[in-house]
Amino acid sequence: MFLLEDKKIKILLVSITVVVLSPTFFNDFQLEWDDNWMLLENPFVRNFSWNHIWYHFLHFYKGQYSPVNTVLYGMVYSVFGFNPVVYHFFCLLLHLLSALCVYQFVKECVRKIKPNYELYRVNIYAGVVALFFGIHPLQVESVAWISASKVVLFGFFTMFGLLMYIKFILERKWWMYGCVVLVYLLAFGSKEQAIIFPLLLLVVDWLFGRCKSNDDTCIWHNLWLIVEKMPFFVLALGMWYFSLQHNLGGIEMLNTYPFDQRLFFGCHSLVQYIFRFLAPIKLNYFYCYPIEVGDVIPFYYWIYPLLVLIIFLFTWYNYKQKNQLVVFGVLFFLINLLLVLHIIPMPRKMITADRYIYLSVIGISLVLVCLLDDLFHRFSKQQKWIIVSMVLFFIVIGSHSFFRTNQWKNSNTIKQNRIIKEASIKQRML
């Protein structure tokens, strides 16, 4: 069990992730994409001043709100200038810190639900989930693309905030609660998608048994939980109103698809993210809508609501079986995708994006590890083959991520990769 010690697993997690994503250090800026306006031509970065920080937090820049990310750019630029290696280093560093937070977060969750598990088994649970988070090919875009640094930044603050919240639950120290509020603000200041953070807190409450339903005081207890979350929901409402008032240009919808078609798009996106996690092939930096505005949804899109129904039934079954970690994983997966499924219209030209699933990878990884753990102990004679299969799978996805990180070298390489894939698809259709 020496190799399964907490410290050894963390070192192994960081080492493997660095090796797999190491090509990012040799990548350039994406000069034909967002790196230009977000970083290289951003006046707030070039003329960075601590006196102007308050301005960053009160204004949008070209339809996006990420002042914490802008401040990070400004600090790096003031010391290192526009050296792409340094920016890639900070992206990878934030990703590593997030992976360590994921490891500790999953450990706390498993300890709560599986108190009879040996420590090494808890470490394996957390280590496998964190490794999926660290090296899965779907994570490459968020780490290897400098403009996606706001994704890894908001991801780090979100996971750190959840860890602090668990400590608050266990120790009941209110300064920890204050830290969670502060981290929530920093996460939103990194990327607006963090607005859903209060929903994650409610799911953590449920997992840790704070939602009562079997005694006379449960109503008052649950009411207190709602009151406890009010500052977060008030902040979320204020953030939404602030975005609405200060970003009128950014909320102009590039797609005007009707609501029923957006429901189909949402089901499609949800299923596609699961498929890409299990079989990360044909990954691209741009996924187009299947139809133009006004066209009819393709007939085969009817399969996606049926698959979503299967996901719901799977979750309900595990809820009735009291498989709390599986249910928690599904909810964590769904909540972090809630705003990017296009059911709520988004000013984006792509129907899905790898970076949108950055935190949701944690939820689906947890579900997969729970299912594998069940198989591992049901089929004791096949345990070695399950272990071998998992090791081979990690080797495959790690290699895929290594080469995919290379594809993000510059704008030409990423576009060339898309052209090759499109030509391959057309050839197969012929």
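Residues numbered from 1 in each chain as written. Predicted model: local features only at pLDDT ≥ 70, side-chain atom pairs only at ≥ 80, totals over all residues. Heavy atoms only, no water.

## Some points on the overall build of the protein chain
When its secondary structure is counted, the protein chain shows 18 helices and two strands. Relative to a compact globule of 430 residues, whose C-alpha radius of gyration would be 22 Å, the protein chain shows 22 Å and is just as compact. Here the C-alpha coordinates of the protein chain stretch approximately 55 × 55 × 50 Å along the principal axes. The proportion of buried residues among the 430 residues of the protein chain is 52%. Here the contacts in the protein chain between residues at least 6 apart in sequence split such that 80% fall between residues at least 24 apart. Just so you have it, the protein chain exposes about 21,000 Å², and 69% of that area is on carbon and sulfur atoms. Between the mean site of the 36 positive side-chain charges and the mean site of the 24 negative ones, the protein chain shows a separation of 5 Å. (Helix = DSSP H or I, 4+ residues; strand = E, 2+ residues; numbered from the N terminus. Rg over C-alpha atoms; globule rule 2.2 N^0.38 Å. Buried < 20%, exposed > 50% of the residue type's maximum accessible area, 1.4 Å probe, protein only. Contact = heavy atoms within 4.5 Å. Areas by Shrake-Rupley, 256 points an atom, 1.4 Å probe, with all protein chains shown as cover. Lys, Arg positive; Asp, Glu negative; His and termini not counted. Charge placed at Lys NZ, Arg CZ, Asp CG, Glu CD.)

## Let's talk about the packing of aromatic side chains
The full count for this structure, using the stated rule, is 42 aromatic pairs. Aromatic pair tyrosine 165 and phenylalanine 168: ring centres 6.0 Å apart, planes at 35°, arrangement tilted. With tyrosine 165 and phenylalanine 168 both in helix α9 (residues 149-171), this residue pair falls three residues apart, about one helical turn. With respect to burial, tyrosine 165 and phenylalanine 168 carry one shared label: buried. Here the aromatic rings of phenylalanine 168 and tyrosine 177 are separated by 5.4 Å at their centres, their planes lie at 55°, and the arrangement is tilted. Exposure class is identical for phenylalanine 168 and tyrosine 177. Each is buried. Clustering of aromatic rings is evident, with ring pairs tying together Tyr165, Phe168, Trp174, Tyr177, Tyr184, Phe197 and Phe232. (Phe/Tyr/Trp six-rings, centres within 6.5 Å; stacked < 30°, edge-to-face > 60°.)

## Observations concerning the nonpolar core
In this structure, Phe105, Met159, Leu162, Val204, Leu325 and Phe328 are the most contacted members of the largest nonpolar core, which totals 133 residues. Those residues within four positions of leucine 325 in sequence are excluded, and the remaining contacts are Cys109, Val110, Ile113, Lys114, Tyr125, Leu207, Leu366 and Cys370. (Core = buried A, V, L, I, M, F, W, Y, C linked by side-chain atoms within 4.5 Å.)

## Some details on empty space enclosed by the protein
Taken as a whole and assessed by the stated rule, the structure comprises two cavities of 30 Å³ or more. Roughly 140 Å³ of volume is contained in the largest cavity. Asn42, Tyr61, Gln64, Ser66 and Thr70 are, among the 15 residues lining the largest cavity, the residues nearest its centre. Listed by contribution, the elements that provide at least two residues to the lining of the largest cavity are α2 (35-40), α4 (53-58) and α5 (67-80). By residue number, the principal contributor to the lining of the largest cavity is α5, which donates four residues. Its residues assigned to classes, the lining of the largest cavity comprises eight nonpolar, seven polar and no charged. Taken as a whole, the second largest cavity holds about 50 Å³ of empty space. (1 Å grid on protein atoms, 1.4 Å probe; cavity = no way out; pocket = protein on both sides within 12 Å on 5 of 7 lines; lining within 4 Å. Points joined across faces, edges and corners; volume = space filled by probe spheres on them. Nonpolar A, V, L, I, M, F, W, Y, C, P; charged D, E, K, R; others polar.)

## Thoughts on helix α6 (residues 84-113)
A rise of 1.5 Å per residue sets the reference length of α6, with its 30 residues, at 44 Å; its end C-alpha atoms lie 43 Å apart and thus fit the reference within 8%. Counting buried positions along α6 gives 21 out of 30 residues, so the element sits mostly inside the fold. (Expected span 1.5 Å × (residues − 1).)

## Some thoughts on the pattern of salt bridges
Under the defined criterion, the tally for this structure stands at 14 salt bridges. Glutamate 171 is paired through a salt bridge with lysine 167; the nearest N and O atoms lie 3.2 Å apart. On the criterion of helical spacing, the pair formed by glutamate 171 and lysine 167 is a turn pair, its members being four residues apart in helix α9. (Salt bridge = Lys/Arg side-chain N within 4 Å of Asp/Glu carboxyl O.)

## Some remarks on the environment of isoleucine 343
Position of isoleucine 343 relative to the elements: it lies in the loop between α15 (324-335) and β2 (350-352). The exposure class of isoleucine 343 is partly exposed, given its relative accessible area of 31%. Here the alpha-carbon distance between isoleucine 343 and glutamine 261, two residues 82 residues apart in the chain, equals 8.6 Å. Contacts of isoleucine 343, omitting those with residues within four sequence positions, involve Phe259, Arg262, Leu263 and Gly266.

## What about a nonpolar patch on the surface?
A grouping of Trp174, Leu223, Trp224, Ile226, Val227, Met230 and Val234 is seen on the molecular surface, where their side chains present a nonpolar patch of about 670 Å² in accessible area. If you tally residues by element for the nonpolar patch, the top one is helix α12 (residues 218-246), at six residues. Its place among the elements puts methionine 230 in helix α12. (Patch = residues over 30% accessible without salt bridge, like charges linked within 9 Å, V, L, I, M, F, W, Y side chains within 5 Å.)

## Thoughts on the packing of α6 against helix α7 (residues 119-135)
Between α6 and α7, whose axes approach to 8 Å, the crossing angle comes to 145°. With respect to the hand of their crossing, α6 and α7 are arranged in right-handed fashion. The segment α6 lies against α7, with His95, Ser98, Ala99, Val102, Tyr103, Val106, Lys107, Val110 and Arg111 engaging Leu119, Val122, Asn123, Tyr125, Ala126, Gly127, Val129, Ala130, Phe133 and Gly134. In terms of residue class, the contact of α6 with α7 is made up of twelve nonpolar, five polar and two charged. (Axes fitted to C-alpha atoms, helices over the stretch in contact; angles between N-to-C directions. Left-handed = near helix turned anticlockwise from the far one by under 90°.)

## Side note on the confidence of the model for the protein chain
Within the protein chain, residue pLDDT values average 87, and 90% of them lie at 70 or more. Ignoring residues within four places in sequence, the model shows residues 248-255, a span with pLDDT below 50, making 13 contacts including any to other chains. Low pLDDT, under 50, characterises residues 422-430; the predicted model gives this stretch one contact beyond four residues in sequence or across chains. (pLDDT = per-residue confidence, 0-100.)

## Describing helix α14 (residues 303-320)
Over its 18 residues, α14 runs 26 Å from end to end, which matches the ideal 26 Å to within 8%, given 1.5 Å per residue. Every buried residue of α14 is listed here: Tyr304, Thr315 and Asn318. All buried residues of α14 project into a common sector of 65° when viewed along the axis, lining one side. Across α14 from its buried face, at more than 90 degrees, point the exposed residues Ile310, Phe312, Tyr317 and Lys320. Residues of α14 that are buried sit in contact with α13 (259-278) and α15. (Arc of directions from axis to C-beta.)

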